[in-house]
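# Reading the structure
Letter by letter, the chains look like this.
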Amino acid sequence: LCLQVPELEKATVRIRQPERVREIIESLREQGVAKLQVISDFDMTLSRFGCNGRRCPTSHNILDTSRVISEDGKKKLKDLLHYYYPIEIDPNRTLEEKCPLMVEWWTKAHELLVQQKIHKSDIAQIVRESEAMLRYGHGDFFDQLHKNNVPLFIFSAGVGDILEEIIRQANVFYSNVNVVSNYMGFNDDGVLTHFKGPLIHTYNKNNTVLQGTGYFQQLSTRTSIILLGDSMGDLTMADGVPSVESILKIGFLNDKVEERRGKYLDSYDIVLESDETLDVVNGILRYILAE
């Protein structure tokens, strides 16, 4: 397979069942471009986890640390992060334990943000001033999908308004891109008053929050899937697809690599460890989309 997709030779790549991965990629190629769709998480999957030894911000972090948040607000949001993030990535806790705690975290964070009276007109500037970065190779990724009319579905527990702005400022917000995320609700004066439901957190990215959108039903012929994520919660993102013929799950393992490796290798077909690029994804796409 490395002959067709040389990027799989990268040192960051780990695959538990190479033969199975080869079969999935071949089947995606055989089924052709008309059947393909890509379903992806955003924060730390399409956006970068780190740069020069520093963490890059998620769409929530961009807002939490921006100039429109009071010092007191920043402190409270940071306290929430320090309390709940270790729970989110704890490999020893069950989903049943984590879910209510994630709802609690997101709800508290959103309430704090609403108290800040954020203006819609500030969002573009907040993103411009942030250290948000899409992964290396994002231009190639978005361009390939757009050029071949492959739908890209971004399913994010982040802040939809912020992540859309990041993609827009990178000049890759094409017509084939659809986003489901937590969107802000503004009043007539453009001031944030609430977050629109349903609440999406790390561990409920599945059919339950897609009901009524009918997104996957419109794409019922798109039965080949490449799924990109960076958490265990991302594995359910394709659950709403009516009939999946082939699915390739690619996981970015960004943090606590040693202790989480086993779980990721059990769950994802390809695991990319501390890889800040989309090289492997782009290589696979090039091979599948080649005439």
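- Per an unreviewed UniProt entry, the protein chain is named 5'-nucleotidase, and its organism is Oreocharis arfaki.
- Annotation of the protein chain in UniProt includes, under Function (unreviewed entry), the sentence "Specifically hydrolyzes 7-methylguanosine monophosphate (m(7)GMP) to 7-methylguanosine and inorganic phosphate. The specific activity for m(7)GMP may protect cells against undesired salvage of m(7)GMP and its incorporation into nucleic acids. Also has weak activity for CMP. UMP and purine nucleotides are poor substrates."
- Recorded under Sequence similarities (unreviewed entry), the UniProt text for the protein chain is reproduced unchanged: "Belongs to the pyrimidine 5'-nucleotidase family."

## Some points on the sheet that holds strand β9 (residues 224-229)
- Across the sheet, which stays open at both edges, the seven strands sit in the order β1-β11-β10-β9-β2-β5-β6 with mixed pairing between neighbours. Only two strands of the sheet have a single neighbouring strand rather than two, namely β1 (13-14) and β6 (177-182).
- Here β9 pairs with strand β10 (residues 246-253) via six bridges, running parallel. Within β10, the residue paired with I226 across the bridge is L248.
- Across the sheet, helix α1 (residues 18-31) lies against β2 (36-40), β9, β10 and β11 (270-273), angled at about 125° from β10, the strand it touches most.

## A closer look at the pairing of β10
- The buried fraction of β10 amounts to six of the eight residues, a majority that puts the element mostly inside the structure.
- Examined bridge by bridge, β10 and β11 share four bridges and lie parallel to one another. Paired with I250 across the two strands is I270, which belongs to β11.
- Between the parallel pair β10 and β11, the chain is carried across by helix α9 (residues 257-267), and the sense of this crossover is right-handed.

## Remarks on the layout of surface pockets
- Here the largest pocket defines a volume of roughly 1,000 Å³.
- What lines the largest pocket is a set of 41 residues, and nearest its centre among them are R55, T58, N61, L81 and Y85.
- When residues in the lining of the largest pocket are grouped by element, the largest group, 11 residues, is from helix α3 (residues 71-89).
- Among the residues forming the lining of the largest pocket, the class breakdown is 17 nonpolar, 10 polar and 14 charged.
- Shared between two domains, the lining of the largest pocket holds at least three residues of each, these being domain 1 (6-50 + 133-289) and domain 2 (54-129).
- When its volume is computed, the second largest pocket comes out at roughly 270 Å³.
- Lining the second largest pocket are 17 residues, and of these L95, K98, Y203, M232 and K263 sit closest to its centre.
- Residue classes in the lining of the second largest pocket are distributed as six nonpolar, five polar and six charged.
- When residues of the lining of the second largest pocket are sorted by domain, at least three fall in each of domain 1 (6-50 + 133-289) and domain 2 (54-129).

## Some points on the domain arrangement of the protein chain
- If you check the domain split of the protein chain, you get domain 1 (6-50 + 133-289) and domain 2 (54-129).
- The centre of domain 1, based on its C-alpha atoms, is set 21 Å off from the matching centre of domain 2.
- Domain 1 puts 35 residues into the contact, and the matching count from domain 2 is 31 residues.
- The junction of domain 1 with domain 2 conceals about 2,900 Å² of combined surface from both sides, 70% of it contributed by carbon and sulfur atoms.
- For the pair domain 1 and domain 2, the number of links is zero salt bridges.

## Here we look at the pattern of salt bridges
- Scanning the model with the defined rule gives 24 salt bridges in all.
- Linking E104 and K108 is a salt bridge whose minimum nitrogen-to-oxygen distance equals 4.0 Å. One end of the pair is E104 and the other is K108, both in helix α4 (residues 95-115) and four residues apart, which spans about a single turn.
- Assessed through its relative accessible area of 35%, E104 is described here as partly exposed.
- K108 sits in the partly exposed class, given a relative accessible area of 35%.
- Residue R168 pairs with E165 through a salt bridge whose shortest N-O separation is 3.2 Å. Here the residue R168 and the residue E165 both occupy positions in helix α7 (residues 160-169), the gap between them amounting to three residues, near one helical turn.

Basis of the calculations
Residues numbered from 1 in each chain as written. Predicted model: local features only at pLDDT ≥ 70, side-chain atom pairs only at ≥ 80, totals over all residues. Heavy atoms only, no water. UniProt positions renumbered as here; feature names shortened; annotations may be inferred. Pairing = 2+ DSSP bridges. Helix = DSSP H or I, 4+ residues; strand = E, 2+ residues; numbered from the N terminus. Contact = heavy atoms within 4.5 Å. Axes fitted to C-alpha atoms, helices over the stretch in contact; angles between N-to-C directions. Buried < 20%, exposed > 50% of the residue type's maximum accessible area, 1.4 Å probe, protein only. Right-handed = clockwise from strand over helix to strand, strands pointing away. 1 Å grid on protein atoms, 1.4 Å probe; cavity = no way out; pocket = protein on both sides within 12 Å on 5 of 7 lines; lining within 4 Å. Points joined across faces, edges and corners; volume = space filled by probe spheres on them. Nonpolar A, V, L, I, M, F, W, Y, C, P; charged D, E, K, R; others polar. Domains from an automatic or database assignment. Buried area = accessible area lost by both parts, 1.4 Å probe. Salt bridge = Lys/Arg side-chain N within 4 Å of Asp/Glu carboxyl O.

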